[in-house]
Amino acid sequence: MSGDGAPAIEVDGRGMTVEIVASQWHTDVMDGLVSGAVEAAKKAHAGYRVTRVAGAFELTVVAEKLARQGADAVVALGVVVQGETPHFEYVCRSVTDGLTEVARQHLVPVGFGVLTVDTVEQALARAGLEGSVEDKGAESVEAALSTALTLRTLA
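Quick look at the structure, then. Since this is a predicted model, take the numbers as computed values, not measurements. All chains use their own residue numbering, which begins from 1 and follows the written sequence. In keeping with the predicted nature of the model, local features appear solely for residues at pLDDT of at least 70, side-chain atom pairs appear and are counted solely at 80 or more, and the whole-chain, interface and lining totals rest on all residues. Note: side-chain values were computed over all heavy atoms of the structure, leaving out hydrogens and water.

What to know about the overall build of the protein
Strands are runs of DSSP state E lasting at least 2 residues, helices are runs of H or I lasting at least 4, and numbering of each runs from the N terminus. Counting its regular elements, the protein contains five helices and four strands. When the elements of the protein are put in sequence order from the N terminus, they spell out β-α-β-α-β-α-β-α-α. Every radius of gyration here is taken over C-alpha atoms, with the globule rule written as 2.2 Å times N^0.38, N being the number of residues. A compact globule built from 155 residues should have a C-alpha radius of gyration of about 15 Å, and the protein, at 14 Å, falls within 12% of that. C-alpha atoms of the protein, sized along the principal axes, occupy 45 × 30 × 25 Å. Sequence-distant contacts in the protein: of pairs separated by 6 or more residues, those separated by 24 or more amount to 78%. When the accessible surface of the protein is summed, it comes to about 8100 Å², and 52% of that surface belongs to carbon and sulfur atoms. We score Asp and Glu as negative and Lys and Arg as positive, and we do not count His or the chain ends. The atoms used to mark charge sites are NZ of Lys, CZ of Arg, CG of Asp and CD of Glu. With 12 positive and 21 negative side-chain charges, the protein shows a spacing of 9 Å between the two charge centroids. Whether two residues are in contact is decided by their heavy atoms, any of which lying within 4.5 Å being enough. All accessible areas in this document rest on Shrake-Rupley with a 1.4 Å probe, and a residue is counted as covered only by the protein chains that are shown.

Describing the side chain of S140
Mapped onto the secondary structure, S140 falls in helix α5 (residues 136-153). The term polar contact refers here to a pair of N or O atoms within 3.5 Å; inside protein, the definition further demands a hydrogen-donor-capable atom paired with an acceptor-capable atom, and it admits residues adjacent in sequence only when both atoms are side-chain atoms. Only 3.4 Å separates the side chain of S140 from the backbone oxygen of F112, close enough to count as a polar contact. At a separation of 3.4 Å, a polar atom in the side chain of S140 contacts the main-chain amide nitrogen of G113. Look past the residues within four positions of S140 in its chain and what remains in contact with it is V75, L77, G111, F112 and G113.

Observations regarding the nonpolar core
The nonpolar side chains of a soluble globular protein tend to be buried, and buried together. To qualify as a nonpolar core, a set must consist of buried Ala, Val, Leu, Ile, Met, Phe, Trp, Tyr and Cys residues joined through side-chain atoms within 4.5 Å. Exposure categories follow from relative accessible area, calculated using a 1.4 Å probe and restricted to protein chains: below 20% of the type maximum is buried, above 50% is exposed, and the middle band is partly exposed. If you look at the biggest cluster of nonpolar residues, it comprises 28 residues, and the most contacted ones within it are L77 and L145. Secondary structure elements with two or more residues in this core: β1 (17-23), α1 (27-43), β3 (73-81), β4 (110-117) and α5. Broken down by element, this core gets its largest block of residues, eight residues, from α1. Once you skip the residues sitting within four places of it in the chain, L145 turns out to touch V11, M16, V18, A44, A46 and A73. Core analysis: the second largest hydrophobic core is formed by 20 residues, A56, V74, A76 and L99 among them.

Limitation: the analysis is restricted to geometry and does not speak to function.
Listed below in structure tokens is the structure:
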């Protein structure tokens, strides 16, 4: 499982805002990811807002807008499941490169909660639902807020 060796991150996000942008595909998985992200923001005492977009491809442009508006951190949540065509590779590469560019250009941490999986079952295992072995929504918020705090110390 990909979560082996993951650090336990405790974050005090008081006074910080995390913008959570989430796709709408694969409703069960996305509901789990969004729930985990919101709970992690609450646990860190950070402000948050959830913005929904059509699919994973649309995450980057909305993340860009939110970063420009001064978010302390942005978290992108989505699911891309391997199919029979190269579409999977194009979408995954575009989203990964786009979100990386948003973070670099704006110096705003972008939590990468985009599941790129072979099967829906793999996504459900990472969605933070009852029976899931990982909660990538929560992990993405924790990582983004932790990075935002680190960036503040470097200012």
